[in-house]
Amino acid sequence: THPDLSGTWNMVSNENFEPYMQRLDVDFATRKVAKLLKPQKVIEQKGDSFTIRTLSSLRNYLVEFTVGKEFEEDTKGLDNRKCMSTVSWDNDRLTCVQKGEKKNRGWTHWLEGGELHLELCCEDQVCKQVFRKA
Ligand code: VL7
């Protein structure tokens, strides 16, 4: 049985977000504003079906998927790319591979000490975020 990531989570830390955005070719002005944000994660997990909302004053981003089923992801409002994305459980970690123009792109979520952790990768950059239950 896998961990339940459901809930509303508030960001408490965000390391290396700016270099990650830079790898995604996010423009300077957007990066300066985006790195000040403390987005909220709202996760609904029902069996293998997930809805993940990333909410902030600048942008909201929604992704819906079923574990193990590849889907076309449009990162509209973020870096505006299309990826073929697949999310799977790697033991207790929920891992997404985002195949597309950018190499080594993806993310991993896990629970640790009651907190929600997230690593976001693009090429050689890793952004590390931690969220606490709202
Ligand atoms: C999504 C943003 C930088 C553009 C705006 C910043 C707005 C709030 O992929 C993500 O989460 C996964 C796992 O939880 C589910 O989609 C993170 C935010 C990363 C990348 C691009 C900056 C413009 C931030 C939406």
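Predicted, not measured: the structure shown is a model, and the values here were computed from it.

A.B. asks: Please provide a residue-by-residue account of the site of the ligand, values included.
C.D. replies: Val 26, Lys 41, Tyr 61, Val 63 and His 109 are the nearest of the 19 residues found near the ligand. A distance of 2.7 Å separates an oxygen atom of the ligand from a polar atom in the side chain of Lys 41. His 109 is positioned such that a nitrogen or oxygen atom in its side chain is 2.7 Å from an oxygen atom of the ligand. When the ligand is considered free in solution it has 620 Å² of accessible area, and contact with the protein chains removes 97% of it. Looking at the shell around the ligand, the elements that each hand over two or more residues are helix 1 (17-23), helix 2 (28-34), strand 3 (49-55), strand 4 (60-66), strand 8 (106-112) and strand 9 (115-122). Looking at which element gives the most residues to the shell around the ligand, the answer is helix 1, with three residues. Split into classes, the residues belonging to the shell around the ligand amount to 13 nonpolar, four polar and two charged.

A.B. asks: Can you explain the pattern of salt bridges? Please cite residues and give values.
C.D. replies: A pair can form between side chains of opposite charge whenever their charged atoms are brought close. According to the stated counting rule, one finds 13 salt bridges in the structure shown. Glu 115 serves as the salt-bridge partner of Arg 132, at 2.7 Å between the closest nitrogen and oxygen. Residue Arg 132 is found in strand 10 (residues 125-133), and its partner Glu 115 is found in strand 9; the two are separated by 17 residues along the sequence. Linked through salt bridges whose partners overlap, the residues forming this network are Asp 25, Asp 79, Arg 81, Glu 101, Lys 102 and Arg 105.

The rules behind each value
Residues numbered from 1 in each chain as written. Predicted model: local features only at pLDDT ≥ 70, side-chain atom pairs only at ≥ 80, totals over all residues. Heavy atoms only, no water. Near = heavy atom within 4 Å. Polar contact = N/O pair within 3.5 Å; in protein donor to acceptor, adjacent residues only side chain to side chain. Areas by Shrake-Rupley, 256 points an atom, 1.4 Å probe, with all protein chains shown as cover. Helix = DSSP H or I, 4+ residues; strand = E, 2+ residues; numbered from the N terminus. Nonpolar A, V, L, I, M, F, W, Y, C, P; charged D, E, K, R; others polar. Salt bridge = Lys/Arg side-chain N within 4 Å of Asp/Glu carboxyl O.

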